[in-house]
Amino acid sequence: MTNTVEKVNLLGMGLESMQAFFTETLGEKRFRAVQVLKWIHHRGVDNFDDMTDVSKALRDKLKLVAEIIPPEVTFKKYSKDGTRKWVMQMPGGSAVETVYIPEGDRGTLCVSSQIGCALDCSFCSTGKQGFNRDLSSAEIIGQLWVAARSWDEPGKKRDRHVTNVVMMGMGEPLLNFDNVVESMNLMMEDNAYGLSKRRVTLSTSGVVPAIYELAKVTDVSLALSLHAPNDALRNELVPINKKYGIEETLKAVNTYFDRLPDKRVCTIEYTMIDQVNDHPELAHELAEVLKNTPNKINLIPFNPFPNSGYERPSNNRIHRFRDILQKAGYNVTIRKTRGEDIDAACGQLIGQVNDKTKRSVRFIDAVELGHTAATVASKRTNRNTI
Ligand code: SAH
Ligand code: SF4
């Protein structure tokens, strides 16, 4: 009789889980956890036999119960400007995108937390595809594992290319709380990627109770996707606002930052949509609304996608909006559009979702026109592959 044991994927295990695995499950010494973590994340190893300072007996034992399974990369493109994009196929038929954007001495990796998203923000292509499932911690950290390994050269010591991670790919990270926290811990763990808490940023559309929970377990940096200065407009753009309004959301954000000993501030993301939320009077209103929340504002020009029904504002309109906020004393940046030659702009990762839940009206329109997100995505992939 064959005994099939479900093997555990060590890729997504944080230090504590790994220590528990070695001591409690395997009856081995605790220090083995650090050894194995380093092999997996410092050196990008996914084969126990490569772990040369682990005894043959232990490697054989590990092979029986554990495995290291990274996400399957089905498409990758490295652009001339240094931007890199990967499409990773996840079990179940859906895919997520991960993007690397270099800028000066920084390299930012934009990581996905879910396949699709249930929150259905009106301007977001991920939201238009509905929700499929949460990513496991292995699938989340696996995106960084794949990216970090993409620069490796045989025999050479690793350079650090990824200096920052932003959870701004597909999905709402706070709705996949435990897996996101476990993988962010690995990003910050010295025996894994060793990024500082200032360089790991979770972006949320404002899942208020989870912001309070997050404050209890981590001190990563936080970005809030605000996109509107009043509830009437935000209700339209970010439907979760109907549940947690702006005042309540900013209060949670203030609580998150108040307890931090350093002077970090919240990044306020504001996707600028032509004639929708880019009016000068809204900039004045935003200046008023944010006056009690230490912040820096990042204006993100809307990234068009088929059948979105929205457009990107002119540079004039974007600059005017920025100038009003700057005159009011705010630190404002406008996100540069990068990696356009590989459709890699962070915050608009189309992926390919097998929608298991709802489809929005706009998306149904698209389907009737014969342009499903999936066909659009596969056309894009084909074009890119040629
Ligand atoms: N769910 C999280 C994180 C993923 S979205 C959140 O909403 O914050 C990451 C950022 O990209 C968000 O600020 C989001 O509003 C923005 N974004 C989504 N679609 C966009 C588009 N089409 N153009 C520009 N920014 C977009
Ligand atoms: Fe989800 Fe964020 Fe897109 Fe809104 S903007 S639908 S929360 S991924």
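For the structure given in this document, a descriptive report is provided here.

About the thresholds
- Here the residue index of a chain counts from 1 through its sequence in written order.
- The lettering of chains begins at A and the numbering of ligands begins at 1, in the order of writing.
- Under the rules for a predicted model, residues below a pLDDT of 70 receive no local features and side-chain atom pairs below 80 are neither given nor counted, while totals for whole chains, interfaces and linings still include all residues.
- To obtain the side-chain values, all non-hydrogen atoms of the structure were included, while hydrogens and water were left out.
- Helix and strand assignments come from DSSP, with helices taken as H or I runs of at least 4 residues and strands as E runs of at least 2, each series counted from the N terminus.
- Contacts described as polar in this section are N or O atom pairs within 3.5 Å, which, within protein, must combine one atom able to donate a hydrogen with one able to accept it, while residues neighboring in sequence count only if both atoms come from side chains.
- Only heavy atoms matter for contacts: two residues are in contact if any of them lie within 4.5 Å across the pair.
- Here, strands pair whenever DSSP counts at least two bridges between them.
- Axis lines are fitted through C-alpha atoms, for helices just across the contact stretch, and the angle between N-to-C directions can take any value from 0 to 180 degrees.
- With the far helix as reference, a near helix turned anticlockwise by less than a right angle produces a left-handed crossing, and one turned clockwise produces a right-handed crossing.
- Each residue gets one of three labels, nonpolar for Ala, Val, Leu, Ile, Met, Phe, Trp, Tyr, Cys and Pro, charged for Asp, Glu, Lys and Arg, and polar for the others, Gly among them.
- Working definition: residue near molecule or strand if any one of its non-hydrogen atoms lies within 4 Å of it.
- To define a nonpolar core, start from buried Ala, Val, Leu, Ile, Met, Phe, Trp, Tyr and Cys residues and group those joined through side-chain atoms within 4.5 Å.
- Only protein chains enter the area calculation, which uses a 1.4 Å probe; residues under 20% of their type maximum are buried, those over 50% are exposed, and those in between are partly exposed.
- Taken from the helix axis, the directions to the C-beta atoms give the arc we talk about.
- In this analysis a 1.4 Å probe is tested at points of a 1 Å grid over the protein atoms alone, and where it fits but cannot get out there is a cavity; an open set with protein on both sides within 12 Å along at least five of seven lines is a pocket; lining residues have an atom within 4 Å of a point.
- Grid points are joined across faces, edges and corners, and a volume is the space filled by probe spheres set on the points.

To continue, consider the side chain of T204. Its place among the elements puts T204 in strand β10 (residues 200–204). A polar contact is formed between the side chain of T204 and the backbone nitrogen of G206, at a distance of 2.9 Å. A distance of 3.5 Å separates a polar side-chain atom of T204 from the backbone nitrogen of V207. When near neighbours in sequence (up to four residues on either side) are disregarded, T204 contacts E172, L174, I211, L222, A223, L224 and S225.

In this section: the sheet that holds strand β4 (residues 84–89). Reading across the sheet, the 10 strands line up as β3-β4-β5-β6-β9-β10-β11-β12-β13-β14 and stay open at both edges, with mixed pairing between neighbours. Two strands close off the open sheet at either side, each with one partner strand: β3 (72–78) and β14 (332–334). Averaged over neighbouring strand pairs, the angle between their axes works out to 20 degrees when direction is ignored. In this structure, strand β12 (residues 266–272) lies alongside strand β13 (residues 295–301), joined through 7 bridges in parallel fashion. Directly across from E269, in β13, lies its bridge partner N298.

Moving on to the packing of helix α6 (residues 177–188) against helix α7 (residues 208–217). Direction vectors running N to C along α6 and α7 enclose 35 degrees, while the axes themselves pass 12 Å from each other. In this structure, α6 crosses over α7, and the sense of that crossing is right-handed. Residues F177, V181 and M184 of α6 form the contact with α7, whose own contacting residues are A210, E213, L214 and V217. In the contact of α6 with α7, the residues fall into 6 nonpolar, no polar and 1 charged.

The environment of ligand 2 is made up of C117, L119, D120, C121, C124, G127, G171, E172 and S205. Residues of the shell around ligand 2, tallied by class, amount to 4 nonpolar, 3 polar and 2 charged.

Looking now at the nonpolar core. Membership of the largest hydrophobic core comes to 104 residues, with the highest contact counts inside it found for L10, M187 and L325. When residues of this core are assigned to their parent elements, the largest contribution, 8 residues, is made by helix α5 (residues 137–149). Not counting residues within four places of it along the chain, the set of residues in contact with L10 comprises M18, F21, V36, I40, F48, L62, A66, E67 and I68. V99, C110, V166 and A223 belong to the second largest nonpolar core, which has 6 residues in total.

Glancing now at the site of ligand 1. Residues in close proximity to ligand 1 total 22 residues, the closest being G171, S203, S225, H227 and N303. Contacts to ligand 1 include F123, whose backbone N or O atom sits 3.0 Å from a nitrogen atom. Take S203: an N or O atom from its side chain is 2.6 Å from an oxygen atom of ligand 1. Those elements giving two or more residues to the shell around ligand 1 turn out to be β10, β12 and β13.

Time to look at α7. Among the residues making up α7, those that are buried are V208, A210, I211, L214 and A215. On an axial view of α7, the arc spanned by its buried residues comes to 150 degrees, and they lie on one face. At its buried positions, α7 is contacted by α6, β10, β11 (221–225) and α9 (246–258).

So, about helix α10 (residues 280–289). Restricting attention to buried positions, one finds in α10 the residues P280, L282, A283, L286 and A287. One side of α10 holds all its buried residues, which, seen down the axis, span an arc of 155 degrees. Where α10 is buried, its residues touch α8 (231–237), β12 and α11 (315–327).

Let us now look at the layout of surface pockets. Approximately 440 Å³ is the volume attributed to the second largest pocket. Of all the secondary structure elements, the ones that give two or more residues to the lining of the second largest pocket are α2 (31–42) and α5. Of the residues belonging to the lining of the second largest pocket, the class tally is 7 nonpolar, 3 polar and 8 charged.

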